[in-house]
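Inside the fold
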Amino acid sequence: VADADTVVLHHFENDFADAAEVVGQPARYGTLTFADGANRLGQALHLDNSASCGNALIWSANAALAVSGNWTIEAWVKVNSINANTQYPWIIHAPANGWADWGLAFGLNPTSSSFELRYKTSAGKTMGWASVGTYALGQWYHLALVGNATAGTLTAYVHDAQRQLVAKQQATASADDLALLN
């Protein structure tokens, strides 16, 4: 359920509707379909990795996505297979300046079987990590990137299906470092 602080919330119940009703529907790149959530309630988004740069939901520039201070970006993902021709399959992609200049990227690093959780600040500085934790095919994972201006930190979390922490990376972050897509 979306609350007053929720900017984007997708359930993928056979549509791309934004339950928060703030940002609206994302653009879709590649072949995206809906599939049984496999041990989850409802549906899941299926990214088939047929495109050379992967498949993704792509949110256009939107003032609501320009967050700073304390914020969290999260997603549940299940990796079933990796296309050897795709360098960095994206799960979430929000361009900063043009389609190829990512502003926010949640994706997979197939070389290290790890997750990519990173973004560019409003000043163009890259924050986050190109490799966080590792994934096993056929398993669910919860990914979270948390900006905490109060503590001055940026933290990436990877949890397994039982919500047990499997990886965490943290870095010191200034208020400017925690301003993304501004």
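Data block above holds the structure.
Read on for a plain summary of the structure. (Residues numbered from 1 in each chain as written. Predicted model: local features only at pLDDT ≥ 70, side-chain atom pairs only at ≥ 80, totals over all residues. Heavy atoms only, no water.)

Further remarks concern the overall build of the protein chain. Broken down by element type, the protein chain carries zero helices and 12 strands. Along the protein chain, helices (α) and strands (β) appear in the sequence β-β-β-β-β-β-β-β-β-β-β-β when read from the amino end. Of all 182 residues assigned to the protein chain, the portion counted as buried reaches 40%. Residue pairs at least 24 apart in sequence account for 51% of intrachain contacts in the protein chain once pairs closer than 6 positions are excluded. Counting only carbon and sulfur atoms, one obtains 48% of the accessible surface of the protein chain, whose full area is about 9300 Å². (Helix = DSSP H or I, 4+ residues; strand = E, 2+ residues; numbered from the N terminus. Buried < 20%, exposed > 50% of the residue type's maximum accessible area, 1.4 Å probe, protein only. Contact = heavy atoms within 4.5 Å. Areas by Shrake-Rupley, 256 points an atom, 1.4 Å probe, with all protein chains shown as cover.)

Before going further, it helps to spend a moment on the packing of aromatic side chains. Per the stated rule, a full pass over the model turns up three aromatic pairs. A centroid spacing of 5.5 Å and a plane angle of 85 degrees characterise the contact between Trp-71 and Tyr-119, whose relative ring orientation is edge-to-face. Pair noted here: Trp-71 is in strand E5 (residues 71-79) and Tyr-119 is in strand E8 (residues 114-120), with a separation of 48 residues, a long-range link. A residue is classified by how much of its surface remains accessible, and Tyr-119, at 0% relative accessible area, is buried. By way of ring pairs, the aromatic residues Phe-115, Tyr-135 and Tyr-141 are connected into one cluster. (Phe/Tyr/Trp six-rings, centres within 6.5 Å; stacked < 30°, edge-to-face > 60°.)

Considering all chains together, one arrives at two salt bridges under this definition. For the salt bridge of Arg-118 with Glu-116, the shortest nitrogen-to-oxygen distance reads 2.4 Å. Looking at Glu-116, the relative accessible area reads 1%, which means it is buried. A salt bridge links Lys-125 to Asp-177; the nearest nitrogen and oxygen atoms lie 3.1 Å apart. With Lys-125 in the loop between E8 and strand E9 (126-132) and Asp-177 in the segment after strand E12 (165-172), this residue pair connects regions lying 52 residues apart in the sequence. For Asp-177, a relative accessible area of 10% translates into the label buried. (Salt bridge = Lys/Arg side-chain N within 4 Å of Asp/Glu carboxyl O.)

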